[in-house]
Each structure stands twice: as structure tokens, then as C-alpha cells.
Amino acid sequence: MGNNQDKMSTVGESENEHSVETHEKEKEEGLLCEDKRFDTVLRVIIHGVADIKRSTDIGSDVDPFVEVRANQVLLGATQAKQDATTATIEESFYIKTELDPKEIKLRFLLKDQDHMSDDDLLGTGYFDLAEEDNTLHQTVHLKWKGVEIGNIQISVDLQKLVVVN
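Residues numbered from 1 in each chain as written. Predicted model: local features only at pLDDT ≥ 70, side-chain atom pairs only at ≥ 80, totals over all residues. Heavy atoms only, no water.

Some thoughts on the pairing of strand β1 (residues 37-50)
Burial analysis of β1 places 10 of its 14 residues in the buried class, which makes it a mostly covered element. With 13 bridges joining them, β1 and strand β8 (residues 147-163) adopt antiparallel strand pairing. In the strand pairing of β8, Arg-37 is matched with Val-163. Of the strand pairs in this sheet, β1 and strand β4 (residues 87-97) are connected by nine bridges, and their pairing is antiparallel. Bridging across to β4, Val-41 finds its partner in Lys-96. (Buried < 20%, exposed > 50% of the residue type's maximum accessible area, 1.4 Å probe, protein only. Helix = DSSP H or I, 4+ residues; strand = E, 2+ residues; numbered from the N terminus. Pairing = 2+ DSSP bridges.)

Regarding the pattern of salt bridges
Think of it this way: side chains of opposite charge can pair up when their charged atoms draw near. This model, assessed by the stated rule, comprises six salt bridges. A salt bridge links Lys-105 to Asp-128; the nearest nitrogen and oxygen atoms lie 3.7 Å apart. Within this pair, whereas Lys-105 is found in strand β5 (residues 105-112), its partner Asp-128 is found in strand β6 (residues 120-128), the two being separated by 23 residues in sequence. Shared partners join several salt bridges into a network, and the residues in it are Arg-37, Asp-39, Lys-96 and Glu-98. (Salt bridge = Lys/Arg side-chain N within 4 Å of Asp/Glu carboxyl O.)

Details of unusual backbone geometry
A positive phi angle, near 75 degrees, is found at Gln-72, a position not held by glycine. Residue position: Gln-72 is located in the loop between β2 (64-70) and β3 (73-77). Of note, the phi angle at Asp-83 is positive, near 50 degrees, even though the residue is not glycine. Inspection of the secondary structure puts Asp-83 in the loop between β3 and β4. Since its relative accessible area comes to 51%, Asp-83 is described here as exposed.

Some thoughts on the side chain of Thr-135
On the secondary structure map, Thr-135 appears in the loop between β6 and β7 (138-144). The exposure class of Thr-135 is buried, given its relative accessible area of 12%. In this structure Thr-135 touches Phe-127, Leu-129, Ile-154, Ser-155 and Val-156, once residues within four positions along its chain are discounted. (Contact = heavy atoms within 4.5 Å.)

Focus: a nonpolar patch on the surface
Together, Phe-38, Val-162 and Val-164 make up an exposed nonpolar region whose accessible area comes to about 300 Å². Among the structural elements, Val-164 can be located in the segment after β8. The class of Val-164 is exposed, set by a relative accessible area of 73%. (Patch = residues over 30% accessible without salt bridge, like charges linked within 9 Å, V, L, I, M, F, W, Y side chains within 5 Å. Areas by Shrake-Rupley, 256 points an atom, 1.4 Å probe, with all protein chains shown as cover.)

Some thoughts on the packing of aromatic side chains
If you walk through the whole model with that rule in mind, you get zero aromatic pairs. The aromatic ring of Trp-144 is capped on one face by Arg-54, whose charged end is 3.8 Å from the ring centroid. (Phe/Tyr/Trp six-rings, centres within 6.5 Å; stacked < 30°, edge-to-face > 60°. Lys NZ or Arg CZ within 6 Å of the ring centre and 35° of its normal.)

Printed below as a string of C-alpha cells:
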């Protein structure tokens, strides 16, 4: 068993030496590019809505859904939850950008799905990545004409990716 470990060490060392030699040769021949370009992928997760206090329809409950925007670009909307003032959503939206994530401002529009007319806006909320150190499991307070009408729970996950052309 001790001999196998020695053999594995030797193989590992020779592979490492080969890797260094190959790297140096590729660098000399101009085959390596040390200048890397990065993109950031953000995943915006809507965990849920809670404590919705505003209704726009007489005689029926709210069917809430959330539109998600990043720097005024519509990313999409969650599925509506039927007759709910509090609901679990767990839907994700993805953004790929070359911008610094701190330059991205998220806007959330809570709407009531209507089947017979246009959907009604219940309230809006904002999440500015430049102002937040922690982007996981945050509460965004939603307002209508300056009055809080409920909240949504969100997370924003950031990943830097190397771009390979």
C-alpha cells in the first residue's frame, strides 16, 4: 500500500511538471490569454409575498403576482397566487451583466391579476444593491401612495463568470 502512495505522488509530480512546462510553452507561443473578462450573473429570487393590505377589487380577494425589473428592464413576472394576502412563491429571475452589481437597482411591482380587465397595481418596492451588504433573505417593503401595503421576501445571489470566446 505504501508503494501505491509513492507511485501516486510521483505521477502527480510529473503531471504537475508537465503542466508547468506546457503552460510556459503556450505562453511563449502566445496561446495563453491572461487578460480575463468577467460577466456577473445575478439570480433574483422571490421567496414570497406577505401581509398584503390593499385590495383593488370589490367582493374578491387579491390574486397577487410580482413583476421584477432591473434598471428599468422587465425581467419577468411570477405566477399569480389565487386569493392570497400571504403566499410562498419561490421563483427566480436571472441577469447577465458586465456592470458592477452595485449599479443595479431592482424594482418590484406587486399586482393583482384580473381576469376581466387590466391587472391592478397594488404597490411598489425597491432594492438597491449599492446600499445593501447582505442580499440574501431580505424584506422589501411595498408602498402605495406612501403607505406600506405589504412586503415581499427576496434574495439576490451573485456569481462572477469568466468569459471564454
